[in-house]
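Results of the structural survey
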Amino acid sequence: MAASENNVGAWSCKQVADWLQEEGFEQYVELLCTHHRLDGPSLLALTEADLRGPPLGLTVLGDIKRLTIALRRLQRRNQAQLEELGLLPSDSLLAGHSLDVADFGGPCLGPDWRCNSAERLCNGTELRQRNTDRSGYGSGVVLRHTHSNGRCGQHLAGRLDPEVWKTVLSSIYVFLVFGFTSFVMVIVHERVPDMRTYPPLPDIFLDSVPRIPWAFAMAEACGIILCYMFLLILLLHKHRSILFRRLCSLMGTVFLLRCCTMFVTSLSVPGQHLKCASETYGDGWGMIQRALAIWSGFGMTLTGVQTCGDYMFSGHTVVITILNFFVTEYTPRTWNLIHTISWVLNLFGIFFILAAHEHYSIDVFIAFYITTRLFLYYHTLANTRAYQQSRRARIWFPMFSFFECNVNGPVPNQYHWPFNKPTFMKTLIG
């Protein structure tokens with residue numbers, strides 16, 4: 001042995017090189033000891049994340065794992081030196097020591113929880129604490145270290161704070177957006193092009209498929225069924241506050257974009273069957289009353305609301321598509337029947353909108369594309385938390401960063417009965 005493994009903190013770069021050769025990692029001596037001048041203290045602070053990421057960038061998985069095991073052995077034998085260096089021995093977690101969440105309230109701790117004081121960012125990997133029972137199996141809690149606006153933060157993955165106050169804010173946001181959308185629809189109705197001067201535009205689907213008078217009511221029925229499906233999932237989902245917050249933020253953002261597109265460009269009426277004519281309201285109060293009527297009726301023909309000019313893009317397509325994606329995202333993958341029903345309702349709803357000749361094909365296509373892309377982008381950023389390492393993402397998506405800053409990775413699909421009675425429901429669903 002080149003030097004005592006119980007006094008690694010006093011090792012020089014040469015002694016680290018001797019240890020690497022003794023452990024069978026001579027191919028990394030030049031990289032670690034010559035190029036990066038790794039001595040004893042820095043060896044104790046080395047993590048698997050350091051080995052994988054730049055500037056080291058090791059690519060051989062077997063070597064990474066074997067070197068990590070050897071490092072953990074050194075850390076176990078040098079706990080006193082780790083504590084002197086301000087590092088928490090990661091093996092104390094693996095050894096099954098009880099931990100309290102408050103223990104992680106300070107700055108970055110442990111060799112896998114190092115804090116770069118120059119950048120005030122934490123570079124860490126997941127640590128798993130297992131309370132092993134006699135059978136050798138145990139339930140683990142994953143501790144994940146995250147970047148949060150340039151500050152160090154520790155979170156227990158799987159313990160997702162509902163942050164109800166943020167959900168309330170998102171509800172107010174979508175509430176205001178829907179009201180604003182209703183007012184814009186009133187303005188657009190005043191500017192609808194005259195059908196005698198501007199006949200319907202050529203559309204391959206509308207020109208090829210005859211109009212079905214009852215189709216639009218069927219499209220709204222599909223949306224209502226999807227809404228009830230989502231409400232049931234929302235009721236039973238353990239993380240319902242996060243789900244509803246995401247639905248409100250996405251729905252509000254898409255409809256805010258819709259306000260812009262339908263206000264900027266007024267398309268001609270897509271069918272002669274639509275009795276649309278420019279309607280002028282006497283004063284601002286008349287416009288507000290009409291907007292309130294649209295808002296209270298959710299813009300649906302089933303509630304007696306008739307609108308004109310709000311074609312680019314289809315709000316009905318947005319609603320049924322986003323509900324479908326939430327139903328399929330927040331139910332287990334094995335629930336194939338639910339997913340199939342959801343997608344059938346989504347696709348048939350889109351078909352019925354077109355078959356009713358209430359929208360141009362481009363209205364529906366753009367609505368579907370924008371809604372699906374925004375949903376996927378939102379959840380990709382939320383699940384990977386890549387935005388936390390990008391200042392640009394926080395600038396371009398401030399609302400997303402605000403709502404998701406304390407959500408650690410994917411939201412697990414866990415269900416429970418939210419009421420105390422009946423008790424058999426809590427047992428059944430839990």
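Below is a summary of the structure that appears in this document. (Residues numbered from 1 in each chain as written. Predicted model: local features only at pLDDT ≥ 70, side-chain atom pairs only at ≥ 80, totals over all residues. Heavy atoms only, no water.)

Moving on to the overall build of the protein. Looking only at helices and strands, the protein has 18 helices and five strands in total. Here the protein holds 430 residues, and the buried ones make up 44% of them. Sequence-distant contacts in the protein: of pairs separated by 6 or more residues, those separated by 24 or more amount to 72%. Surface exposure of the protein reaches about 22,500 Å², of which carbon and sulfur atoms provide 62%. (Helix = DSSP H or I, 4+ residues; strand = E, 2+ residues; numbered from the N terminus. Buried < 20%, exposed > 50% of the residue type's maximum accessible area, 1.4 Å probe, protein only. Contact = heavy atoms within 4.5 Å. Areas by Shrake-Rupley, 256 points an atom, 1.4 Å probe, with all protein chains shown as cover.)

Where nonpolar side chains cluster on the molecular surface, the patch consists of Val164, Trp165, Val168, Leu169, Ile172, Phe175, Leu176, Trp285, Ile288, Leu292, Trp295 and Phe402 and spans about 1,200 Å² of accessible area. For the nonpolar patch, the secondary structure elements donating two or more residues are helix H8 (164–190) and helix H12 (284–296). Counting residues per element, the nonpolar patch draws most heavily on H8, at seven residues. For Trp165, the location among the structural elements is in helix H8. (Patch = residues over 30% accessible without salt bridge, like charges linked within 9 Å, V, L, I, M, F, W, Y side chains within 5 Å. Salt bridge = Lys/Arg side-chain N within 4 Å of Asp/Glu carboxyl O.)

To continue, consider the environment of Trp295. Here Trp295 shows up in helix H12. Measuring from C-alpha to C-alpha, the distance between Trp295 and Thr181 comes to 8.4 Å, with 114 residues separating the pair along the chain. In this view, Trp295 contacts Phe175, Phe178, Gly179 and Ser182; residues no more than four positions away in its chain are not counted.

An α-helical segment advances 3.6 residues per turn. Residues three or four places apart therefore align on the same side. The end-to-end C-alpha distance of helix H14 (residues 336–355) is 28 Å, a good match for the 28 Å that 20 residues give at a rise of 1.5 Å each. Against the buried residues of H14 lie helix H9 (204–208), helix H10 (215–236), helix H13 (315–329) and helix H15 (361–384). Remark: His357 follows H14 within two positions and exhibits a positive phi of approximately 60°. (Expected span 1.5 Å × (residues − 1).)

Our focus in this paragraph is the packing of H8 against helix H11 (residues 240–264). To describe two helices that pack against each other, one gives the angle between their axes and the distance between the axes. Across the interface, H8 lies against H11 with an axial gap of 8 Å and an inter-helix angle of 20°. Judged on the interaxial angle alone, H11 and H8 are roughly parallel. Where H8 crosses over H11, the handedness of that crossing is left-handed. A class-by-class count of the residues in the contact of H8 with H11 yields 18 nonpolar, eight polar and three charged. (Axes fitted to C-alpha atoms, helices over the stretch in contact; angles between N-to-C directions. Parallel < 35°, antiparallel > 145°, perpendicular 65-115°, else oblique. Left-handed = near helix turned anticlockwise from the far one by under 90°. Nonpolar A, V, L, I, M, F, W, Y, C, P; charged D, E, K, R; others polar.)

The subject of this paragraph is the state of the cysteines. Chemically, a disulfide is nothing more than a covalent bond linking the sulfur atoms of two cysteines. What the rule picks out here adds up to one disulfide. Between the sulfur of Cys276 and that of Cys308 lies a disulfide, 1.9 Å long from S to S. On the S-S bond that ties Cys276 to Cys308, the torsion sits near -75°, and the link is left-handed. Within this pair, whereas Cys276 is found in the loop between H11 and H12, its partner Cys308 is found in the loop between H12 and H13, the two being separated by 32 residues in sequence. Look at Cys276 and you get buried, because its relative accessible area is 9%. (Disulfide = S-S within 2.5 Å.)

As a further point, take the layout of surface pockets. By volume, the largest pocket amounts to about 1,400 Å³. Lining of the largest pocket is provided by 50 residues; of these, Phe298, Gly299, Met300, His316 and Val319 occupy positions nearest its centre. Going through the elements one at a time, H8, H10, H11, H12 and H13 are the ones with two or more residues in the lining of the largest pocket. Here the element with the most residues in the lining of the largest pocket is H10; it accounts for nine residues. Classifying every residue of the lining of the largest pocket gives 31 nonpolar, 13 polar and six charged. (1 Å grid on protein atoms, 1.4 Å probe; cavity = no way out; pocket = protein on both sides within 12 Å on 5 of 7 lines; lining within 4 Å. Points joined across faces, edges and corners; volume = space filled by probe spheres on them.)

Further remarks concern the packing of H13 against H15. Remark: H13 packs on H15, axes separated minimally by 9 Å, with the N-to-C direction vectors making an angle of 35°. In this structure, the crossing between H13 and H15 has a hand that is right-handed. Between H13 and H15, the contacting residues are Thr317, Val318, Thr321, Ile322, Phe325, Phe326 and Glu329 on the first element and Val364, Ala367, Phe368, Thr371, Thr372, Phe375, Leu376, His379 and Asn383 on the second. Of the residues contributing to the contact of H13 with H15, the split by class is nine nonpolar, six polar and one charged.

For side chains bearing opposite charge, pairing can occur when the charged atoms are close. Summed over all chains, the structure comprises ten salt bridges. Measuring nitrogen to oxygen at the nearest pair gives 2.8 Å for the salt bridge that ties Glu48 to Lys65. Pair noted here: Glu48 is in helix H4 (residues 48–52) and Lys65 is in helix H5 (residues 61–77), with a separation of 17 residues, a long-range link. Residue Glu48 is classed as buried on the basis of its relative accessible area of 18%. Classification of Lys65 by relative accessible area gives partly exposed; the value is 38%.

Time to look at the packing of aromatic side chains. According to the stated counting rule, one finds 18 aromatic pairs in the structure shown. When the ring of Phe175 is compared with that of Trp295, the centres are 5.0 Å apart and the planes differ by 85°; the resulting orientation is edge-to-face. Pair noted here: Phe175 is in helix H8 and Trp295 is in helix H12, with a separation of 120 residues, a long-range link. Of the residues examined, Phe175 reaches a relative accessible area of 46% and is grouped as partly exposed. Counting every residue linked through ring pairs, the aromatic cluster contains Phe230, Phe325, Phe326, Tyr330, Trp343 and Phe375. The ring of Phe402 carries Lys166 above its face, with NZ or CZ at 4.8 Å from the centroid. A cation over a ring is seen here: Arg191 above Phe263, with NZ or CZ 5.4 Å from the ring centre. (Phe/Tyr/Trp six-rings, centres within 6.5 Å; stacked < 30°, edge-to-face > 60°. Lys NZ or Arg CZ within 6 Å of the ring centre and 35° of its normal.)

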